Amino acid sequence: MKSQKTVGILAFHGDVIEHIEATKNASKNLHLNIEVVPVRTKEIIHTLDALIIPGGESTTLHKLCEREGMWEKMKQIKNIFGTCAGAIMLSNQVFHKTHDQKTLELMDIEIDRNAYGRQTESFEKDIKTSLGDIHAVFIRAPRIIKVKKDVMILARNDGEIIACEQKINKNYYLAVCFHPELTSTIFHEYFIKKVYQI
Ligand code: GLN
C-alpha cells in the first residue's frame, strides 16, 4: 500500500461535512495520519484506499456519479462504507427503487428503500452493536431484509439488520441503515481499522 493513507468521502450531497469530521476524528483517535478528501470527480478515485458514501438520496447519488462518469470506476474501490443511501448504493438488490435507479451491486444484501415510511417517521434510538453502544439516527431509512451467509451482522433493531459487513476476496464493504456520523466515531474507527488492517 502507498505511504499516504487516503480516504474519500463521496461529496455530492448529504452528510458530507459530518463524515469528513467523523473520519478525521476517528483517524486522530487511532493515531493515524489519514488524508480525508471529498470525491466529486473520477480522477481521484485511483488515489483512494477507501470511500465513504454518505446518506442522502440514493437515486440522486447514482445520477450524479453517472453524470461525472465515475460509476464504473467506483466499483473498483477496494473498501467502501455506505451509510443509509450509501448502504442502498452497495446492495445488489433494492426494493422500491425508481425505474432507472442502479446500485453498485457490490454487497450480497437485499434492501428496502424508505421502509419505515415518510420523512416524518424518522426516529432516533439507542442501539447495541457488536462495536459498542450508539445513539442511532434513522432518517427515511432503508431496511436490510436479506443477507447472504458470508455477510456478518453487526447490529439489529428489533430483530432487523441495520449494520453488516462483507469481505469478498480482498475487498471489504460495510453498510449501515442509520447515520453514525451524527453521533459517534465507532463505525468510522472500525472501518479504518479494516481498511488498514490494524
Ligand atoms: N431515502 C433515501 C434513499 O432512498 C435514504 C435516506 C438517507 O440516506 N437518510 O436514498
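Provided above is the structure to which this section pertains.
A brief structural summary. (Residues numbered from 1 in each chain as written. Predicted model: local features only at pLDDT ≥ 70, side-chain atom pairs only at ≥ 80, totals over all residues. Heavy atoms only, no water.)

Turning our eyes to something else, we now look at the state of the cysteines. As enumerated under the stated definition, the model contains zero disulfides in all. We note that C164 lacks a disulfide partner, and the nearest cysteine sulfur, in C177, lies 7.4 Å from it. (Disulfide = S-S within 2.5 Å.)

Here we take up helix α5 (residues 186–195). An α-helix turns once every 3.6 residues. As a result, residues three or four positions apart point the same way. For α5, the full list of buried residues reads F187, H188, E189, F191, I192 and V195. At the exit of α5 stands Q197, carrying a positive phi of roughly 50°. (Buried < 20%, exposed > 50% of the residue type's maximum accessible area, 1.4 Å probe, protein only. Helix = DSSP H or I, 4+ residues; strand = E, 2+ residues; numbered from the N terminus.)

It is worth spelling out the site of the ligand at this point. Taken together, G55, G56, E57, S58, C84, A85, I88, R113, N114, I139, R140 and H179 are the residues near the ligand. One of the backbone nitrogen or oxygen atoms of G56 is found 2.8 Å away from an oxygen atom of the ligand. Between the ligand and S58 there is a distance of 2.5 Å, counted from an oxygen atom to a backbone nitrogen or oxygen. Coverage of the ligand by the protein chains reaches 97% of its 300 Å² of free accessible surface. Looking at the shell around the ligand, its residues break down into four nonpolar, five polar and three charged. (Near = heavy atom within 4 Å. Polar contact = N/O pair within 3.5 Å; in protein donor to acceptor, adjacent residues only side chain to side chain. Areas by Shrake-Rupley, 256 points an atom, 1.4 Å probe, with all protein chains shown as cover. Nonpolar A, V, L, I, M, F, W, Y, C, P; charged D, E, K, R; others polar.)

The next point concerns helix α2 (residues 58–67). Every buried residue belonging to α2 is among S58, T59, L61, H62, L64 and C65, and all of these are buried. Along its buried surface, α2 packs onto β1 (5–10), β3 (50–53), α3 (71–74) and α4 (85–90). Downstream of α2 by a residue or two, G69 has a phi angle that is positive, lying close to 65°. (Contact = heavy atoms within 4.5 Å.)

A separate point is the packing of helix α1 (residues 16–29) against α5. The N-to-C vectors of α1 and α5 enclose an angle of 65°; their axes lie 8 Å apart at closest approach. The hand of the α1/α5 crossing is right-handed. Across from H19, A22, T23, A26, S27 and N29 in α1, the residues of α5 making contact are H188, E189 and I192. Split by residue class, the contact of α1 with α5 holds three nonpolar, five polar and one charged. (Axes fitted to C-alpha atoms, helices over the stretch in contact; angles between N-to-C directions. Left-handed = near helix turned anticlockwise from the far one by under 90°.)

Membership of the largest hydrophobic core comes to 64 residues, with the highest contact counts inside it found for L10, I53 and M74. Setting aside its immediate chain neighbours within four residues, M74 contacts L10, I45, L51, I53, C65, I80, M89 and L104. (Core = buried A, V, L, I, M, F, W, Y, C linked by side-chain atoms within 4.5 Å.)

Let's shift gears to the pattern of salt bridges. In total, this model carries nine salt bridges according to the counting rule given. One salt bridge in this structure joins R113 and E57, with 2.7 Å as the shortest N-O distance. With R113 in the loop between β6 (107–112) and β7 (123–129) and E57 in the loop between β3 and α2, this pair connects stretches of sequence that are 56 residues apart. Residue R113 is classed as buried on the basis of its relative accessible area, which comes to 7%. Put simply, K75 and E72 hold a salt bridge, and the shortest N to O gap is 3.5 Å. Taking relative accessible area as the criterion, K75 reaches 29% and is therefore assigned partly exposed. (Salt bridge = Lys/Arg side-chain N within 4 Å of Asp/Glu carboxyl O.)

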